[in-house]
Amino acid sequence: MSEIESIQKEIIEEFSFFEDWTQRYEHMIELGKALPLIDKTHKIEENIIKGCQSKVWIHAHLDGDKVKFTADSDAIITKGIIAILIRVFSNQHPRSIIDSNIDFIDNIGLKEHLSPTRANGLVSMVKQIKMYAVAFQTQLN
Amino acid sequence: MIDIFKIREDFPILSRKVNGQNLIYFDNAATSQTPRQVIDVITDYYTRLNSNIHRGVHRLSQEATDAYEEARIKIQQHFNVAKPYEIIFTSGTTESINLVASGFSKLLKPEDELVISALEHHSNIVPWQMLCEKTSAKLKVIPMTQEGTLDIKTFKKILNKKTKLVFVNHVSNALGTLNPVDEIIEMAHNNDAYVLIDGAQACAHIKPDLKKMNVDFYVTSAHKLCGPTGVGMLYGKTELLQKLPPYQGGGEMISSVTFEKTTYADLPHKFEAGTPNIAGGIAFGAALDYMNSIGFENIIKYENDLLKYATEEIKKIDGIKIYGDLQKKTAVISFNIKNVHPYDIGSILDQMGIAVRTGHHCAQPIMDYFEIPGTVRASFSFYNTFDEIDIMVKGVQKAIKMLQ
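Residues numbered from 1 in each chain as written. Chains lettered and ligands numbered in written order. Predicted model: local features only at pLDDT ≥ 70, side-chain atom pairs only at ≥ 80, totals over all residues.

1. With respect to the overall build of chain A
Secondary structure summary: chain A contains 6 helices and 2 strands in total. Helices and strands appear in chain A in the N-to-C order α-α-β-β-α-α-α-α. Against the globule reference of 14 Å for 141 residues, chain A gives a C-alpha radius of gyration of 14 Å, in line with a compact fold. Expressed along its principal axes, the backbone C-alpha trace of chain A runs to roughly 45 × 35 × 25 Å. (Helix = DSSP H or I, 4+ residues; strand = E, 2+ residues; numbered from the N terminus. Rg over C-alpha atoms; globule rule 2.2 N^0.38 Å.)

2. Details of the overall build of chain B
In terms of regular secondary structure, chain B is built from 14 helices and 17 strands. Radius of gyration (C-alpha) of chain B: 22 Å, near the 22 Å computed for a compact globule of 404 residues. A principal-axis box enclosing the C-alpha atoms of chain B has dimensions of 70 × 55 × 35 Å. Put simply, chain B has 404 residues, and 49% of those count as buried. (Buried ≥ 20, exposed ≤ 12 C-beta atoms within 10 Å, placed from the backbone.)

3. Observations regarding the sheet that holds strand S13 (residues 320-323) of chain B
Residues and elements named next belong to chain B. One open sheet accounts for 4 strands, arranged S13-S14-S17-S16; its pairing is antiparallel. This sheet does not close on itself; its edge strands, each paired only once, are S13 and strand S16 (357-359). For this sheet the average axis-to-axis angle between neighbouring strands, irrespective of direction, equals 30°. Of the pairings in the sheet, the one linking S16 to strand S17 (residues 375-379) comprises 3 bridges and is antiparallel in character. Along S17, the bridge assignment pairs Arg357 with Arg377. Those strands touched by helix H12 (residues 342-351) are strand S14 (332-337), S16 and S17, and its axis lies near 155° from that of S16. (Pairing = 2+ DSSP bridges. Axes fitted to C-alpha atoms, helices over the stretch in contact; angles between N-to-C directions. Contact = placed C-beta atoms within 7 Å.)

4. A closer look at the interface of chain B and chain A
Chain B puts 11 residues into the contact, and the matching count from chain A is 13 residues. Of all the secondary structure elements, the ones that give two or more residues to the side of chain B that touches chain A are H12, S16 and helix H14 (386-403) of chain B. Among the elements that take part in the side of chain B that touches chain A, H12(B) stands out by supplying 5 residues, more than any other. For the side of chain B that touches chain A, the residue count by class is 5 nonpolar, 5 polar and 1 charged. (Nonpolar A, V, L, I, M, F, W, Y, C, P; charged D, E, K, R; others polar.)

5. A closer look at the packing of helix H1 (residues 3-16) of chain A against helix H3 (residues 76-89) of chain A
Contact geometry for H1(A) and H3(A): axes closest at 8 Å, N-to-C directions at 145°. On the side of H1(A), the interface is formed by A:Ile4, A:Ile7, A:Gln8 and A:Ile11, while H3(A) contributes A:Ile84, A:Arg87 and A:Val88.

6. Some thoughts on the sheet that holds strand S9 (residues 217-221) of chain B
Residue and element names in this part refer to chain B. If you walk across this open sheet you meet the 7 strands as S4-S10-S9-S8-S7-S5-S6, and the pairing is mixed. Looking along the sheet, the strands with just one partner apiece sit at the ends: strand S4 (87-90) and strand S6 (138-142). Across the sheet, the axes of successive neighbouring strands diverge by a mean angle of 20°, strand direction being ignored. Where strand S5 (residues 113-117) meets S6, 5 bridges bridge the pair, whose relative direction is parallel. Looking at the pairing, Glu113 lines up with Lys138 of S6. Across the sheet, helix H4 (residues 93-104) touches S4, strand S7 (163-169), strand S8 (194-198), S9 and strand S10 (232-236), and the angle it forms with S10 is around 35°. Against the sheet, helix H5 (residues 126-135) contacts S5, S6 and S7, and its axis sits at roughly 150° relative to S6.

7. Focus on the nonpolar core
In terms of nonpolar packing, the biggest core is built from 146 residues, with A:Leu85, A:Ile129, B:Val195, B:Ile282 and B:Ala287 touching the most fellow members. If sequence neighbours within four positions are ignored, B:Val195 has contacts with B:Val166, B:Ile184, B:Ile185, B:Ala188, B:Val215 and B:Asp216. (Core = buried A, V, L, I, M, F, W, Y, C linked by C-beta atoms within 7 Å.)

8. Notes on H5(B)
All names here are of chain B. The complete set of buried residues in H5 reads Pro127, Trp128 and Leu131. In a view along the axis of H5, the buried residues occupy a sector of 95°, so they form one face of it. In this structure, the buried side of H5 is in contact with H4, S5, S6 and S7. The positive-phi residue at the C-terminal boundary of H5 is Ser136, with phi of around 65°. (Arc of directions from axis to C-beta.)

9. Some words on the environment of B:Val38
All names here are of chain B. Structurally, Val38 can be placed in helix H2 (residues 36-49). Overall, the presence of 27 C-beta atoms within 10 Å leaves Val38 in the buried class. As for Val38 and Ala283, which are separated by 245 residues in sequence, their C-alpha atoms are 5.8 Å apart.

10. A closer look at the confidence of the model for chain A
Chain-level statistics for chain A give a pLDDT mean of 87 and a share of 91% at 70 or above. Predicted confidence in chain A is weakest over helix H5 (residues 104-107) of chain A, with a mean pLDDT of 82, and strongest over helix H4 (residues 94-99) of chain A, with 95. (pLDDT = per-residue confidence, 0-100.)

11. Overview of the confidence of the model for chain B
Averaged over chain B, the pLDDT score is 94; the fraction of residues at 70 or greater is 100%. Note on the complex model: pTM 0.91, ipTM 0.87.

12. Quick look at unusual backbone geometry
Excluding glycine, residues mostly have negative phi values, and the peptide bonds linking residues are mostly trans. Residue and element names in this part refer to chain B. Cis geometry marks the peptide bond from Leu267 to Pro268; its omega dihedral reads 0°. Relative to the helices and strands, Pro268 resides in the loop between strand S12 (262-264) and helix H10 (278-294). A positive phi angle, close to 50°, is found at Asn80, a residue other than glycine. In this structure, Asn80 sits in the loop between helix H3 (59-78) and S4. A count of 13 C-beta atoms within 10 Å places Asn80 in the partly exposed class.

13. Topic: the pairing of strand S1 (residues 56-63) of chain A
Two elements, S1(A) and strand S2 (residues 66-73) of chain A, share 8 bridges in a ladder whose sense is antiparallel. Note that in S2(A) the partner of A:Val56 across the bridge is A:Ser73.

14. Considering H10(B)
Residue and element names in this part refer to chain B. Here H10 is 17 residues long and its end C-alpha atoms lie 25 Å apart, about the 24 Å a rise of 1.5 Å per residue gives. Of all the 17 residues making up H10, 13 are buried; the element is thus mostly covered by neighbouring parts of the structure. Immediately beyond the C-terminal end of H10, within one or two residues, lies Gly295, with a positive phi of roughly 95°. (Expected span 1.5 Å × (residues − 1).)

15. Considering the domain arrangement of chain B
Residue and element names in this part refer to chain B. By domain assignment, chain B separates into domain 1 (4-28 + 295-403) and domain 2 (39-292). On a C-alpha basis, the centroid separation for the pair domain 1 and domain 2 is 28 Å. Listed as interface residues are 23 residues of domain 1 and, on the opposing side, 23 residues of domain 2. Looking at the side of domain 1 that touches domain 2, the elements that each hand over two or more residues are helix H11 (296-315), S14 and helix H13 (364-370). Ranked by the residues each element gives to the side of domain 1 that touches domain 2, the list is headed by H11, at 4 residues. A breakdown of the residues in the side of domain 1 that touches domain 2 according to their chemical character gives 12 nonpolar, 7 polar and 4 charged. (Domains from an automatic or database assignment.)

As structure tokens, then:
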């Protein structure tokens, strides 16, 4: 099992303790609030993910051969979703990010956020994260 | 009087569950729900009548044509329009607006001016911007006030001899403001400008009398008033519709075609190229029948009561701000909670089976004016109940508690 997969498994287990949506959402809100602040200089127009109803900024940089992500959003639930994505993808090798899938979202009861019509941009966020990975992979080659 | 229990039985969708809870549908300004009476008409069309209209000599085609043209007459009568051919079937409000904008691209001169309002939906902004790009005509904007109404004094100043067209929505989709269209039409006409009124948000709540309004163009969509999606109408005064060139080329819009020259058909067919949404058109008529059977006086009274109650209850929530809290508005409440993003409220309400709209409602200029990312919009219909409002208010309170 890859490191990304084992983190995903960990998150699934964590969410399996919740009995209903209120607890799940409360947890996401907590995760959102706990997300480390993004550096102000990265909170710029070109880091905004298009297709989100709330504003989402994602910044990435290469640290050795690992990609590190920081992010923010003006909506707290969206921020919780980003926090989960960062936990999964940050500090990973670009190749592993490219090869990973995000089926775990289904298993933590957040399936509705995957629909493209949700306009919360989870799909766009993942796409952006993978695009960063592709760009850094090219640098490493 | 509205018999709410009887009415709710007409709408099969209202008995479904969402996220394990009874659906509470407060997104009526985006699209209204469809009563069984209208669904039955669509089913009946495909079961009994389906064929192409206006061409066939055979029985089915004649019956389908009759049903389609009867629907046009229902629409004509509903809106109190002089002639049935002044009603053009379109795919909806957006296409109706584009049809007029496209027509005027041939008639405008570079120095001409168009006026839109700050309360418009993007669909009543973008086509005119495109028209201005094409013709070099200038676009002027009637500003809005903090209360969410139009600044008519400034409109008076904007109007001049160069003003050719004025576009205003009857009701603002983002705030529910009922605009003073009679006044706007009169002022525009005094300046020899034509007026197009976008009635998409109005026709589910009021019954516009287009003759009395003396409006030049009026557009709306069937799906906002219990009809199906993908069909709507353009009303235009005969002399104006005759002046406008056709919108699209194709079958049915011609009277004769040779490779040298095509002669266009008379109204309304000149603007109805290709096979239309026949079932949709017929169902549009059925939707008007349904709403008239309930009666707009009853609808207006009931929705006003709902709005009044909802406004009072929502105002009890801490940190609430209602945008466009007006006397003259339709049953729409656009609001925000202090320090809470509308998207968060909407996501949590959805978990409780409550459908509201969040975001800019395709009216970004209004959001920019208030300097907000968007609002939560609850829009009500005559099939909503007072209990549902109580559940939503409790839902918003729960959301705030979770988020703060």
